[in-house]
Amino acid sequence: MSTSYAGDGSEGLAATIEQKATFVGRGVFVITGQVSGGTGATSVEVTANVDGVETDLGAAAVATDGTYSFADRVGRHHQGFVTATATDAAGDTSSAVAPYSLQAGLRGAQGVARQDSFVDGEQTATEFYLREGGSKVVAQAPGQTLTSTEFDIFGAGRADNTTFVFQPGFGLDVVAGFGARGAGHDTLDLPASDFTSIADVLRNTGDVGGSAFITDPVTGDAIRLAGVTTKELARNAGHDINLHG
């Protein structure tokens, strides 16, 4: 999910904005993008619809390589449709819009911030950042690939054919709504450096509270497939489990 949204430039000036902002804590998101062409744009003005009102958030300096980075500190107010507008020395402008939905301070003991990510205008996943680290990510469209960072909770939602990628050191993760059977089954993508075969994965899997609990024999990391037993996983293991190099 790294596609940029490009705006309509004049006289060759073009601005883009990354479709995914980065939450850095305390209600602050970092928005990034790129400016090219024109006659040397040095800054980008960032605006957003904040609580239903179009608001000027401030300006971001453009680096020599054309990139810009803006720290959005609106905090606990809901924001949507963030716009980045570049203006060059000739007065030409180019704008790009990302259909973000950013909000800090979600209710609940764990919630700190929420970000909806988009690809080509379609929502594909909703990510909740947790106060104690890690995140909760729920797929909203089929065929998504979700990669664990550390201590994540994943949900396939109503989306079929979701691939969950785990790297060494991913911690303790939970996958809810995993589809173990059928044409739209989901897939666990595990590190071949830690598991020698699919049979090795099953040897390191046992049921805990009615859910399969996969333990990485090298790192001690673990994945809990909520509501899916080891027996159910084993029935379709050749399709449900993949090992990556």
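The preceding data block contains the structure.
Model, not experiment: these values are computed from the prediction.

Caption draft 1: Quick peek at the pattern of salt bridges. Summed over the entire model, instances satisfying the criterion amount to one salt bridge. A salt bridge links Asp200 to Arg203; the shortest N-O distance between them is 3.6 Å. Note that Asp200 and Arg203 are positioned in helix α1 (residues 198-203) at a spacing of three residues, about one turn of the helix.

Caption draft 2: Representation of the sheet that holds strand β21 (residues 241-244) in the model. Overall, parallel pairing links the four strands, which are arranged β13-β15-β17-β21 in an open sheet. Every other strand in the sheet has two partners, leaving β13 (145-147) and β21 as the edge strands with one partner each. If you compare each strand with its neighbour and ignore which way they point, the axes differ by 25° on average. With three bridges connecting them, β13 and strand β15 (residues 163-165) associate as parallel partners.

Caption draft 3: Quick look at unusual backbone geometry. Its identity is not glycine, yet Asn161 carries a phi of approximately 55°, on the positive side. Since its relative accessible area comes to 40%, Asn161 is described here as partly exposed.

Caption draft 4: Spotlight on the environment of Gly206. Mapped onto the elements, Gly206 comes out in strand β18 (residues 205-208). For the pair Gly206 and Arg224, spaced 18 residues apart in sequence, the C-alpha separation works out to 9.7 Å. If we skip the residues at most four places from it in the chain, Gly206 touches Ser211, Ala212, Phe213 and Thr230.

Reading the values: rules and limits
Residues numbered from 1 in each chain as written. Predicted model: local features only at pLDDT ≥ 70, side-chain atom pairs only at ≥ 80, totals over all residues. Heavy atoms only, no water. Salt bridge = Lys/Arg side-chain N within 4 Å of Asp/Glu carboxyl O. Helix = DSSP H or I, 4+ residues; strand = E, 2+ residues; numbered from the N terminus. Pairing = 2+ DSSP bridges. Axes fitted to C-alpha atoms, helices over the stretch in contact; angles between N-to-C directions. Buried < 20%, exposed > 50% of the residue type's maximum accessible area, 1.4 Å probe, protein only. Contact = heavy atoms within 4.5 Å.

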